[in-house]
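Analysis of the macromolecular model
Residue-level listing of the chains:
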Amino acid sequence: MLILENISKSYAGRGKVLDELNLHIEKGESLAVTGPSGSGKSTLLNIAGLMDRPDSGKIKFQGNSILGYDSSEAAEYRNRNIGFVFQDHLLLNHLTVKENIMLPLLASPLSDDDYGIKEKYVDILLDKIRITNLKDKFPFQISGGEAQRVTLVRALVNRPSLLLADEPTGSLDQKNANLLGRLLREINEEYGIALLVVTHSEDLASMMRNHLRLSEGKLV
Ligand SMILES: Nc1ncnc2c1ncn2[C@@H]1O[C@H](COP(=O)(O)OP(=O)(O)O)[C@@H](O)[C@H]1O
Ligand SMILES: [Mg+2]
């Protein structure tokens, strides 16, 4: 589904972060990429999400070459196909949980009927992620673990086929980290959403079906 071919990326003063890296993500797969801090995990994820560009290499998504996309095509690629979960929850404090979750829908306006269908889907997700009771709360009224689960629902609203997660459990305690890991896999298996999780957590990585390590700019 997503193919990265011979991807290289350097930063001034740092030299090569990614060095002719190759990665294939199949439909419905779950893959962890681990590596120490500074090894290039976020760089890899940002390139896969077209937030950053490689110096060289090719990227194909569902057979289409996507590196030539301009910024609005890249935004559409992300909005249609990709969900994101980052280490910090990035919820807006003046919006309720439900409003935060519905936010990605603003990018592509819906008819009232379609909005209603989405709302029903969100209710199913809230239930699945076990946060239905939080829907009308504001971010300051919920815990960090709960906020991260809200982020996960928000990432799924546009029915992505690939979820990109960058240290999703990085600010969670062990118990909440395990719960989030389990929920990610449930979503992956029940909805067939492919999962690319970059993390330094071996625990989280062990919950994914496949596991690669980032070493000297390559996946091994
Ligand atoms: N925008 C940037 N400009 C310069 N150096 C960067 C930039 N982004 C990342 N780096 C450097 O690239 C390396 C890899 O960073 P990163 O991908 O964030 O690693 P990780 O997520 O594995 O901790 C680090 O040495 C980091 O300092
Ligand atoms: Mg990082």
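Above this text is the structure in question.
These figures come from a predicted structure and were not determined experimentally.

Focus: the site of ligand 1
Around ligand 1 lies a shell formed by Tyr11, Arg14, Val17, Gly35, Ser37, Gly38, Ser39, Gly40, Lys41, Ser42 and Thr43. With three residues, helix 1 (residues 41–48) is the largest single contributor of residues to the shell around ligand 1.

So, the packing of helix 5 (residues 144–156) against helix 6 (residues 174–191)
Following both chains from N to C, one finds helix 5 and helix 6 inclined at 15°, their axes separated by 10 Å at the closest point. Here helix 5 lies roughly parallel to helix 6, going by the angle between them. In the crossing of helix 5 with helix 6, the sense of the turn from one axis to the other is right-handed. Seen from helix 5, the contacting residues are Gly145, Gln148, Arg149, Leu152 and Leu156; seen from helix 6, they are Asn176, Leu179, Leu180, Leu183 and Ile187. The residue makeup of the contact of helix 5 with helix 6, split by class, is six nonpolar, three polar and one charged.

Some words on the pairing of strand 6 (residues 82–85)
Side chains Ile82 and Phe84 project from strand 6 onto one buried face, and the interleaved Gly83 and Val85 project onto a second face that is buried too. Two elements, strand 6 and strand 7 (residues 162–166), share four bridges in a ladder whose sense is parallel. Note on strand 7: the bridge partner recorded for Ile82 is Leu162.

Some thoughts on the nonpolar core
One recurring pattern in soluble globular proteins is that nonpolar side chains are buried together. Of all hydrophobic cores here, the largest spans 54 residues; its most connected members are Val153, Leu162, Leu164, Leu195 and Leu196. Considering every element that reaches this core, the biggest residue donor is helix 5, with six residues. Contacts of Leu195, omitting those with residues within four sequence positions, involve Ser30, Leu31, Leu163, Ala165, Leu184, Asn188 and Met208.

Details of helix 1
Of all eight residues making up helix 1, six are buried, and the element is well covered by its neighbours. Among all positions of helix 1, only Lys41, Thr43, Leu44, Leu45, Ile47 and Ala48 are buried. Looking at the buried positions of helix 1, the neighbouring elements they touch are strand 1 (2–11), strand 2 (15–25), strand 3 (30–34), strand 7, strand 8 (194–199) and strand 9 (210–215).

Details of unusual backbone geometry
We note that Arg159 has phi near 50°; this positive angle belongs to a residue other than glycine. Mapped onto the elements of the fold, Arg159 is located in the loop between helix 5 and strand 7. Here Glu167, not a glycine, exhibits a phi torsion of approximately 45°, which is positive. Relative to the helices and strands, Glu167 is located in the loop between strand 7 and helix 6.

Points about the pairing of strand 2
Note that strand 1 and strand 2 share seven bridges and pair antiparallel. Following the sheet pairing, Lys9 is matched in strand 2 by Leu18. Hairpin connection, strand 1 to strand 2: the antiparallel pair is bridged by three residues, and Gly13 has positive phi, about 85°.

Quick notes on the sheet that holds strand 9
Judged by pairing direction, the sheet is mixed, and its six strands sit side by side in the order 6-7-8-3-9-10 without closing on themselves. Two strands bound the open sheet, and with one partner strand each, they are strand 6 and strand 10 (218–219). In this structure, strand 9 lies alongside strand 10, joined through two bridges in antiparallel fashion. By the bridge assignment, Leu214 is partnered in strand 10 with Leu219. Against the sheet, helix 1 touches strand 3, strand 7, strand 8 and strand 9, its axis set at about 150° to strand 8.

Brief notes about the environment of Val153
Along the polypeptide, Val153 turns up in helix 5. Through-space distance from the C-alpha of Val153 to that of Ile101 is 6.6 Å; in sequence the pair is 52 residues apart. When sequence neighbours within four positions are dropped, the list of residues in contact with Val153 reads Ile101, Val122, Leu125, Leu126, Ile129 and Ile131.

Observations concerning the sheet that holds strand 2
Across the sheet, four strands lie side by side as 2-1-4-5; this open sheet has antiparallel pairing. Only two strands of the sheet have a single partner each, and these edge strands are strand 2 and strand 5 (64–65). Contacting strand 1 and strand 2, helix 1 crosses the sheet at an angle of about 125° to strand 1.

What counts, and at which threshold
All chains use their own residue numbering, which begins from 1 and follows the written sequence. As a convention, the first chain written is A and the first ligand written is 1, with the rest following in written order. Predicted model: local features are reported for residues with pLDDT of at least 70 only, side-chain atom pairs are reported and counted for 80 or more only, and whole-chain, interface and lining totals are derived from all residues. Nearness rests on one distance test: the residue's C-beta atom, set from the backbone, must lie within 6 Å of the molecule or strand. Only DSSP runs of H or I reaching four residues or more are called helices, and only runs of E reaching two or more are called strands; each is numbered from the N terminus. Working convention: axes come from line fits to C-alpha atoms, limited for helices to the stretch in contact. Angles between N-to-C directions cover 0 to 180 degrees. The labels follow the angle: roughly parallel below 35 degrees, roughly antiparallel above 145, roughly perpendicular from 65 to 115, and oblique for the rest. Working rule for handedness: look at the near helix, and if it is turned counterclockwise from the far one by less than a right angle, call the crossing left-handed; if clockwise, right-handed. This entry defines residue contacts through backbone-placed C-beta atoms, with two residues in contact when those atoms are within 7 Å. Note on residue categories: nonpolar means Ala, Val, Leu, Ile, Met, Phe, Trp, Tyr, Cys or Pro, charged means Asp, Glu, Lys or Arg, and polar means any other residue, Gly included. Here a residue counts as buried when 20 or more other C-beta atoms sit within 10 Å of its C-beta, as exposed when there are 12 or fewer, and as partly exposed otherwise, the C-beta atoms being derived from the backbone. Should DSSP find at least two bridges between two strands, the strands are regarded as paired. Connectivity within a nonpolar core runs through C-beta atoms within 7 Å, and the core itself is a set of buried Ala, Val, Leu, Ile, Met, Phe, Trp, Tyr and Cys residues.

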